[in-house]
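Structural overview for review
Here are the chains, one letter per residue:
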Amino acid sequence: MTQSRRTVLEAENLAKHFGKTAAVNDVSLSTKEGEILAILGPNGAGKTTLTELLTGLRQPDKGTVRVLGDPPSSMRARNRIGLTPQNVALPKTLKVKELLPYVAAHFDTPLPVDLAKSWFLLDGLMDRNAGDLSGGQMRRVALAAAFMGQPKLAFLDEPTTGLDIQAKRALWKSIRAAAHRNVQITLTTHDLDEVQELADRVIVINRGRILLEDSPDRVRRRLGHRRLSFRSAPVNGDAPFPGAVQEAGRWVVDVADGDQAVRDLVRSGVAFEDLELAPASLEDAILAELERSEQADKGTVS
Amino acid sequence: MILLHFRFILLQLFRIPAFLVPTVLFPTMLYLFFGGPNGGDLIDAQFPLGSFCVFAVMGVAFYQFGVGIADDRGSPWESFMRVLPVTLFQRFTARIMAAGVIAGLAILCLGIAGWSYGVTFSFGTWFGVGLALLAGTIPFCLFGVALGYLAPQKAAVPIANLIYLPLSFLGSVWSHPDSLPEGVAAFSPYLPSRMFAELVWAAIDGRFNLPQLGWLALYAVAAFGLCVWAYRRHESRAYT
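Counting starts from 1 at the beginning of each chain's written sequence and moves along it residue by residue. Here the convention is simple: chains get letters from A, ligands get numbers from 1, in the order in which they are written. Restriction of local features to residues with pLDDT of at least 70 applies here, the model being predicted, together with a cutoff of 80 or more for giving and counting side-chain atom pairs; totals for whole chains, interfaces and linings are based on all residues.

**Notes on the confidence of the model for chain B**
Spelled out, the test is: pLDDT is defined as a per-residue confidence score from the predictor, taking values between 0 and 100.
Per-residue confidence for chain B averages 88 on the pLDDT scale, and 98% of its residues sit at or above 70. Reported confidence for the predicted complex is 0.80 by ipTM and 0.79 by pTM.

This is how it looks when you write it as structure tokens:
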């Protein structure tokens, strides 16, 4: 039997402008308990502003947000929200073992500190001043702080940035475990691996608009472009591969299917050397997606 | 919730010697160098002690509210705090209570320093001085809050010093009004710091200085207006 899950977050037609710039433009979304939603986008796409609107930190120019039926800035909603801001700065003079109970004391049903310690790998950090922690350690404490109130929904803005892969994987496990306890998690990230590992659903935004909404696999296929680069002489004065441009003495092209592109290059008979195939940056992939969607729009219109 | 925040504000302040030492001990140090030795007989010597109490309380108002709020505003931790289920009123009340403790400590140090010069107040005088300090500090706390919402984080300390120290000198808080330069003496009585000092001097004299209290109330109204404007300006820039 499929258990129906409650809607925890509902946003309708959200818009936020800063001067003439639309940071968030007509965004609607809803999430269910236990769901992990990833918001992806290049820098300046509007991810942080959207998170601020959803958590009640900012008021929208237009549209509404409801957290389990309440406005996000209400006390009832704030009792149910956990947040890890993008820039983590903890009170420097508090020890971690003081900070977590302090945060916990704000909530009706706080998470026991010992559990937070084991879930977020805080062994050895509890007696240290927050100001003496490294960036990665601080992020782990901030992540623990977001879950101290046993929230119904948690907003994690780039939660594992700056962590080594081992710590990342351990924290991904903790985030997944929270989702299994029915916490709805909204992640904003640049990290496609993180999305692949955690998210049930992905929203890609650019210039404040939702560009794409799909499962992580499909988004990865659409955005997981590869960057092919090699050295070669031009062929009859033209690029030796369709779409390739010269960057620092190399021919560079972003392709959707890297294996196929290499096969095509070999088949073309071009004398190349020092070939590299690497993941394209997310920004490039999104810009490519944006261009494609704009062209598709124009095609539809014309 | 208020007590929780009160406890944690104090815990943090007591671990920052760079805040605590100047705020609590600086007025006592100045009193030991300049106030105590120039006091004269016991009755005359009570007035500098009262003046330096004014200086201490003004310092707490400017640093605890001005610098403290500017610091909080500039920190990303503030975003986290604003999502916690705690109201601005609760946090602000806790801040006022913490300021009261710091001011109390500063006055205790001054009392001990005065005692070392043989300058003491009766219990009744301390009570009157305490009330005068409490009433007189309100406009300065409000100016402090306005400063906290207007000044950038890194500029808050120098700006607080630029206001607080000249205001103390010009208001005759460090010296007898007769020793002020002629030009300064002309406008000194109109400054809030001078009015605050006169309120405390009257309390030492066993009097209640209603006109000065009235003027300070007007300053408080002006400071409150500035405060509301600064707060709204900050909120609209940072959070709307």
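After that view of the structure, there is still more to cover.
**Side note on helix α1 (residues 2–14) of chain B**
Residues and elements named next belong to chain B. The cut-off we apply is this: Numbered from the N terminus, helices here are DSSP runs of H or I no shorter than four residues, and strands are runs of E no shorter than two. Expected helix span is given by 1.5 Å per residue-to-residue step, counting one fewer step than there are residues. Put plainly, a residue is buried at 20 or more neighbouring C-beta atoms within 10 Å of its own, exposed at 12 or fewer, and partly exposed in between, counting only other residues' C-beta atoms, which are placed from the backbone. Here the arc refers to the directions that run from the helix axis out to each C-beta atom. A pair of residues counts as a contact when their C-beta atoms, built from backbone coordinates, are separated by no more than 7 Å.
Helix length check: α1, at 13 residues, gives a terminal C-alpha distance of 18 Å against a target of 18 Å (1.5 Å per residue), a fit within 8%. Here α1 has its buried residues at His5, Phe6, Ile9 and Leu13. Along the axis of α1, the buried residues cluster in a sector spanning 105°; they form a single face. Along its buried surface, α1 packs onto α2 (17–35) and α5 (88–116).

**As for the sheet that holds strand β7 (residues 184–189) of chain A**
Residues and elements named next belong to chain A. Rule in force here: By this definition, two strands are paired if DSSP reports at least two bridges between them. Interaxial angle, 0 to 180 degrees, is taken between N-to-C directions of lines fitted to C-alpha atoms, where a helix line uses only the stretch in contact.
Taken together, the 6 strands give an open sheet; going across it, the order is β5-β6-β7-β3-β8-β9, and neighbouring strands pair in mixed fashion. Strands at the two margins of the open sheet, each flanked by one partner only, are β5 (81–84) and β9 (209–214). Strand after strand, the sheet turns through a mean of 15° between neighbouring axes, direction not considered. Against the sheet, helix α5 (residues 135–147) makes contact with β5 and β6 (153–157), and its axis sits at roughly 170° relative to β5, the strand it touches most.

**Considering the domain arrangement of chain A**
Many authors give the size of an interface as the accessible area that is lost as the parts come together. Our working definition: An automatic or database domain assignment supplies the start and end points of every domain.
Domain annotation of chain A identifies domain 1 (7–222) and domain 2 (225–301). Domain 1 of chain A and domain 2 of chain A are separated by 35 Å when their C-alpha centres are compared.

**With respect to the environment of Ile96 of chain B**
All names here are of chain B. You can see Ile96 is positioned in helix α5. Since 13 C-beta atoms lie within 10 Å of it, Ile96 is described here as partly exposed. The spacing of Ile96 and Asp72 is 24 residues in sequence and 15 Å in space, taken between C-alpha atoms.

**A few points about helix α10 (residues 210–238) of chain B**
Residues and elements named next belong to chain B. Compared with the 42 Å implied by 1.5 Å per residue over 29 residues, the 41 Å span of α10 between its first and last C-alpha is a close match. Taken as a whole, α10 has its buried residues at Gln212, Trp215, Leu216, Tyr219, Ala220, Ala223 and Cys227. In this fold, the buried residues of α10 make contact with α6 (123–150) and α9 (192–204).

**Brief notes about unusual backbone geometry**
All names here are of chain A. A positive phi angle is found at Asn236, which is not glycine, with a value near 50°. Turning to its location among the elements, Asn236 is positioned in the loop between β10 (226–231) and β11 (245–247). Despite not being glycine, Ala248 shows a phi value in the positive range, around 50°.

**Here's the deal with the UniProt feature "transmembrane region" (unreviewed entry) in chain B**
Residue and element names in this part refer to chain B. Stated formally: UniProt positions are given in the numbering used here, feature names are shortened, and annotations may be inferred rather than shown by experiment.
With numbering matched to this structure, UniProt assigns "transmembrane region" (unreviewed entry) to residues 12–34, 46–71, 92–117, 123–148, 155–174 and 213–231. When the span residues 46–71 is considered, its composition is 100% helix and 0% strand, and the gap between its end C-alpha atoms is 36 Å. Annotation note: span residues 92–117, helix share 96%, strand share 0%, distance between end C-alpha atoms 38 Å.

**Focus on the environment of Leu83 of chain A**
Mapped onto the fold, Leu83 of chain A is located in strand β5. Note on Leu83 of chain A: 27 C-beta atoms within 10 Å, which makes it buried. Separated by 88 residues in sequence, Leu83 of chain A and Leu171 of chain A have C-alpha atoms that sit 15 Å apart. Those residues in contact with Leu83 of chain A, other than ones at most four positions away along the chain, are Thr55, Ala146 and Phe155 of chain A together with Phe80 and Val83 of chain B.

**Regarding the nonpolar core**
Test applied: Take the buried Ala, Val, Leu, Ile, Met, Phe, Trp, Tyr and Cys residues, join any whose C-beta atoms are within 7 Å, and the set you get is a nonpolar core.
Counting residues in each nonpolar core, the largest one holds 69 residues, and the members touching the most others are Cys53, Ala56, Leu110 and Val200 of chain B. Contributing elements (two or more residues each) for this core: α1, α2, α3 (42–73), α5, α6, α7 (156–170), α9 and α10 of chain B. Among the elements that make up this core, the one with the highest residue count is α3 of chain B (17 residues). In this structure, Val200 of chain B is in contact with Gly50, Cys53, Val54, Val129, Ala132, Leu133 and Gly136 of chain B, ignoring residues within four places of it in sequence. Counting 68 residues, the second largest nonpolar core, distinct from the first, contains Val8, Ile36, Leu111 and Trp119 of chain A.

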